[in-house]
Amino acid sequence: MLDEQGREMHKSLGNYVEPSQVITKYGRDVLRLWLLRNTTWEDAKFSWKSLELTKRDLNIIWNVYVFASTYMNLDNFDPTIYSFESIKPYLKPEDKWLLSRYYEMLRDVSESMKDYKVHELANKVTSFITEDISRFYLRLTRKRAWNEANDPDKIAMYYVLYQALKGSLILLSTITPFIAERIYQDFVVDNLDSVSMERIPEIREEFIDKEIEEAFDLAKEIAEAGLNARAKAEIKLRWPIKEAFVFLISEQDRRIIGTIADVLRSM
């Protein structure tokens, strides 16, 4: 364990931090997540700032579950009466993208754990929830939750979100057991006595779609380029623009972006 300057921690140097100090300030889950995100073959460089960033990620994860449970409870959503087969006809491109990202993450994590690469599990699961779900999927789909009617479009979104979150929660329980158990008891409808009794979800290869992931990656690049162009022209985000031109370098790019044109317009 090293300090921020890369020196070994020693009481004689005055840079030693007791684990109890960290636990008192941030809790056990923050300490566990921070430690397990470090690679197993490198020294860990301790800093209070890195712990603060880890706490921020756990807060994002907590807020994702609060959002999902709040709206699902308001609509009395019961995931046990639906299946992927029943909601398949109502899946939108963003739903298919999230399912692809989820099952790809699940597959990658399963491979990582065969080689005892716990740090890859910790990083991939937290990144999936904070980046793919919180910062992207929910931003695209939250308006569907605001629809008062229990239409198939909203049910499909709820079901996809529920399955992705439940599976992620099971994985998360191996690195942050306390917050995972707390959320599990409140969020999971068909729950067991403990999240630790759950089995790793089945990997459904049919939902892994590299083409739709490529399409969304391209859409993100276009959206980022648009933001940069706005900044350069000093056009604020709240100011509408009449039209925008997108120049793509290949016919393949033009084809795949056409499959999610509506999503691109909403970004």
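Conventions adopted
- Residues numbered from 1 in each chain as written.
- Predicted model: local features only at pLDDT ≥ 70, side-chain atom pairs only at ≥ 80, totals over all residues.
- Heavy atoms only, no water.
- Patch = residues over 30% accessible without salt bridge, like charges linked within 9 Å, V, L, I, M, F, W, Y side chains within 5 Å.
- Areas by Shrake-Rupley, 256 points an atom, 1.4 Å probe, with all protein chains shown as cover.
- Salt bridge = Lys/Arg side-chain N within 4 Å of Asp/Glu carboxyl O.
- Lys, Arg positive; Asp, Glu negative; His and termini not counted.
- Charge placed at Lys NZ, Arg CZ, Asp CG, Glu CD.
- Helix = DSSP H or I, 4+ residues; strand = E, 2+ residues; numbered from the N terminus.
- Buried < 20%, exposed > 50% of the residue type's maximum accessible area, 1.4 Å probe, protein only.
- Arc of directions from axis to C-beta.
- Contact = heavy atoms within 4.5 Å.
- Expected span 1.5 Å × (residues − 1).

Peer 1: Looking at this model, I keep getting lost on a negative patch on the surface. Mind explaining?
Peer 2: On the surface, D209, E214, D217 and E221 cluster together into a negatively charged patch. By the element assignment, E214 lies in helix α9 (residues 210-233). Overall, the relative accessible area of 42% leaves E214 in the partly exposed class.

Peer 1: So what exactly am I meant to see when it comes to helix α8 (residues 177-187) here?
Peer 2: The periodicity of an α-helix, 3.6 residues per turn, causes residues three or four places apart in sequence to face the same way. If you check which residues of α8 are buried, you get I179, A180, I183, Y184 and F187. Viewed end-on, α8 has its buried residues packed into an arc of 135°, placing them on one side of the element. The outward face of α8, more than 90 degrees from its buried face, is lined by the exposed residues F178 and D186. The secondary structure elements touched by the buried residues of α8 are α2 (28-37), α3 (48-74) and α7 (152-172).

Peer 1: I keep staring at the side chain of S100 and nothing clicks. Help me out?
Peer 2: Structurally, S100 is set in helix α5 (residues 93-114). Sequence-distant contacts of S100, that is, excluding residues within four places in its chain, are made with F207, I208, D209, I212 and E213.

Peer 1: When you look at α7 in this model, what are you seeing that I'm missing?
Peer 2: Between its terminal C-alpha atoms α7 stretches 30 Å, which fits the 30 Å expected from 21 residues at 1.5 Å a residue. Counting buried positions along α7 gives 18 out of 21 residues, so the element sits mostly inside the fold.

Peer 1: Honestly, the pattern of salt bridges in this entry has me stumped. Any pointers?
Peer 2: Between side chains of opposite charge, a pair can form when the charged atoms approach closely. According to the stated counting rule, one finds 24 salt bridges in the structure shown. R37 serves as the salt-bridge partner of D57, at 2.9 Å between the closest nitrogen and oxygen. Here the residue D57 occupies a position in helix α3, and R37 occupies one in helix α2, the gap between them amounting to 20 residues. As a salt-bridge pair, D190 and K166 come within 3.2 Å of each other at their nearest N and O atoms. Here D190 is found in the loop between α8 and α9, whereas its partner K166 is found in helix α7, with 24 residues between them in sequence. Classification of D190 as partly exposed rests on a relative accessible area of 37%.

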